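A structural walkthrough
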Amino acid sequence: MKRSIFTALAVAAVLSCTACGKTEVGKADVPVSTAGTQTTASPDTASLTDEAASAETATDTYQDTTAETSAAKEVTTVTEEAVSVGGGENTEASAATQPQTQAQTRSRDTAPSPGDADYAPAPVQYDIPGITYIQGTLIANKSYSLPADFNPGLDSTCENQFYKLQNDAAQQGLNIWFASGFRSYDYQAQIYNNYVARDGQALADTYSARPGYSEHQSGLAIDVNQIDDSFIGTPEAVWLENHCHEYGFILRYPRGKESITGYQYESWHIRYVGTDLSYAVHDSGLTLEEYFGIDSAYKE
Ligand SMILES: [Zn+2]
């Protein structure tokens, strides 16, 4: 019953995850299958094709539209180190032959240092007006938006780190797949407007980001697996929550922090920030908003 309603809605509507747009709190229903050949449901993703389409689009886009520099409205600090490490393909390449041992011997309880095989650099920064960086970290939440024409595609370091995470999880017999990544302003507008049309703005605002406010538009957010609450408590979700920081990600919308992040708990949405910050945020037990002392609320 529910599934067919969602699917019907989804076919008409465009989709995506909570901050990115889940329908009713925690509930959702749509077949999903990307890298991971799992089927599940999430209204977020109207239908498999949309989801795959958005993922594909993301993949397509990021290959060609990266403007790199540092910028932004607020505080900007470019870590040359990050950039240099970002180019650390060499590190990775040499990691292919040597770093295995180093990565294995290095305890992952503490943040890696640049040069360590498992060090993940901070994402590149963009010299584009209207983007907010706080201590070098791009912020996209209900208080800080992104320009409508900001269209970076999926960040390549973010994607590389995701596949390392996926690979290591697979070594543990876990199946974590890429469900959704970059989403353009226009695509998010479709998603959001469909939810407003169906549920009204007040309710839609509790689970769907307004265009320009979705973290997926930054190219630094990834939804994994089934993108709904059926992911909660799975071995993959538990592993992701305990280990995603080791690859430079944070679980962006943790449980019990809804009033701070502005979004419901999402066990599937991870944000790439690089290991310097991911370990710091993870070890602090805080959300990104609390860590930087900022809020996440629309200015009506
Ligand atoms: Zn998401």
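Figured I'd write up the structure that's included with this text. Along each chain, the written sequence defines residue order, and numbers are assigned to residues from 1. Totals for whole chains, interfaces and linings use all residues, but because this is a predicted model, local features are given only for residues with pLDDT of at least 70 and pairs of side-chain atoms are given and counted only at 80 or more. Side-chain figures throughout are based on the complete set of non-hydrogen atoms in the structure, without hydrogens or water.

**Description of the packing of aromatic side chains**
Centres within 6.5 Å make a pair out of two Phe, Tyr or Trp rings, where for Trp the six-membered ring is used; the pair is then stacked when the planes are under 30 degrees apart, edge-to-face when over 60, and tilted otherwise. In the structure shown here, the tally under the stated rule is 9 aromatic pairs. An angle of 40° between the planes, with centres 6.0 Å apart, marks the rings of Trp239 and Tyr247 as tilted. When sorted by exposure, Trp239 lands in the same class as Tyr247, which is buried. Each ring, one from Phe249 and one from Tyr272, has its centre 5.2 Å from the other, and the planes form 70°; the classification is edge-to-face. Pair noted here: Phe249 is in strand E5 (residues 249-251) and Tyr272 is in strand E6 (residues 269-272), with a separation of 23 residues, a long-range link. Between buried and exposed lies partly exposed: a residue is buried under 20% and exposed over 50% of the maximum accessible area for its type, with that area taken using a 1.4 Å probe on protein chains only. Helical segments are the DSSP runs of H or I of at least four residues, strand segments are the runs of E of at least two, and each set is numbered from the N terminus.

**So, the sheet that holds strand E4 (residues 221-224)**
Strand order in the open sheet formed by 4 strands is E3-E4-E6-E5, and the pairing between neighbours is antiparallel. Across the chains shown, the open sheet's two edge strands, defined by having one partner strand only, are strand E3 (178-180) and E5. Along the sheet, successive strands turn relative to each other by an average axial angle of 45°, direction set aside. Any two strands with at least two DSSP bridges between them are considered paired. Examined bridge by bridge, E3 and E4 share 2 bridges and lie antiparallel to one another. Each bridged residue has a counterpart across the sheet, and for Phe178 the counterpart in E4 is Val224. Residue contacts follow a heavy-atom distance rule, with two residues in contact if any of their heavy atoms lie within 4.5 Å. To obtain each axis, a line is fitted to C-alpha atoms, and for helices this fit is confined to the stretch in contact; angles are then taken between N-to-C directions over 0 to 180 degrees. Each of E3, E4, E5 and E6 is contacted by helix H6 (residues 156-171), which is oriented at about 125° to E6, the strand it contacts most.

**Some details on the pattern of salt bridges**
Where charged atoms of side chains with opposite charge meet at close range, the side chains can pair. The term salt bridge refers to a pairing of a side-chain nitrogen on Lys or Arg with a carboxyl oxygen on Asp or Glu at a separation within 4 Å. Summed over all chains, the structure comprises 9 salt bridges. Its salt-bridge partner being Glu246, residue Arg108 comes within 3.6 Å of it at the nearest N-O pair. Residue Arg108 is found in the loop between helix H5 (99-105) and strand E1 (132-134), and its partner Glu246 is found in the loop between helix H9 (235-243) and E5; the two are separated by 138 residues along the sequence. Judged by its relative accessible area of 10%, Glu246 falls in the buried class. Ionic pairing is found between Arg198 and Asp199, a salt bridge with its closest N-O pair at 2.7 Å. Arg198 sits in the partly exposed class, given a relative accessible area of 25%. Look at Asp199 and you get partly exposed, because its relative accessible area is 23%. Look at the salt bridges and you will find they share partners, linking Glu215, Arg252, Arg271 and Glu289 into a network.

**Observations concerning the environment of Asn141**
Positionally, Asn141 belongs in the loop between strand E2 (137-139) and H6. Each C-alpha atom, one on Asn141 and one on Ile294, is 9.9 Å from the other, the two residues being 153 residues apart in sequence.

**A few points about the nonpolar core**
The nonpolar core is taken to be a set of buried Ala, Val, Leu, Ile, Met, Phe, Trp, Tyr and Cys residues, with the residues joined through side-chain atoms within 4.5 Å. Counting 35 residues, the largest nonpolar core has Phe162, Leu165, Ile222, Val224, Leu240, Phe249 and Ile270 as its most contacted members. Among the elements of the structure, H6, E3, E4, H9, E5 and E6 are those that each provide at least two residues to this core. With 4 residues, the top contributor of residues to this core is H6. For Leu165, the contacting residues outside a window of four places in its chain are Ile176, Trp239, Leu240, Cys244, Tyr247, Phe249 and Ile270. With 10 residues, the next largest nonpolar core counts Ile134, Tyr144, Ile250 and Leu288 among its residues.

**A look at the side chain of Arg210**
Tracing the backbone shows Arg210 in the loop between helix H8 (201-207) and E4. Here a polar contact is recorded for every N or O atom pair within 3.5 Å, except that within protein the pair must consist of a potential hydrogen donor and a potential acceptor, and residues adjacent in sequence are included only if both atoms are side-chain atoms. A polar atom in the side chain of Arg210 sits 3.4 Å from the side chain of Tyr192. Ignoring any residue separated from it by four or fewer positions in sequence, one finds Arg210 in contact with Gln188, Tyr192, Gln201, Asp205, Tyr298 and Glu300.

**Notes on helix H11 (residues 275-284)**
Three- or four-residue spacings in an α-helix give side chains the same orientation, since the helix completes a turn every 3.6 residues. If you check which residues of H11 are buried, you get Thr275, Leu277, Ser278, Tyr279 and Val281. Its buried side turned inward, H11 meets E2, E5 and helix H12 (288-292). Gly285, located one to two residues past H11, shows a positive phi value of around 75°.

**Focus: the environment of Tyr126**
Residue position: Tyr126 is located in the loop between H5 and E1. Separated by 26 residues in the primary sequence, Tyr126 and Pro152 place their C-alpha atoms 9.2 Å from one another.

**Quick notes on H6**
Between the first and last C-alpha of H6 there are 23 Å, a value that for 16 residues agrees with the 22 Å anticipated at 1.5 Å per step. Along H6, the positions that sit buried rather than exposed are Thr157, Cys158, Glu159, Gln161, Phe162, Leu165 and Ala169. The backbone nitrogen of Thr157 has a side-chain oxygen 2.9 Å away, supplied by the residue at the start of H6, namely Asp155. At the exit of H6 stands Gly173, carrying a positive phi of roughly 80°. Here, expected helix span is obtained from the residue count minus one, scaled by 1.5 Å.

Limitation: the analysis is restricted to geometry and does not speak to function.
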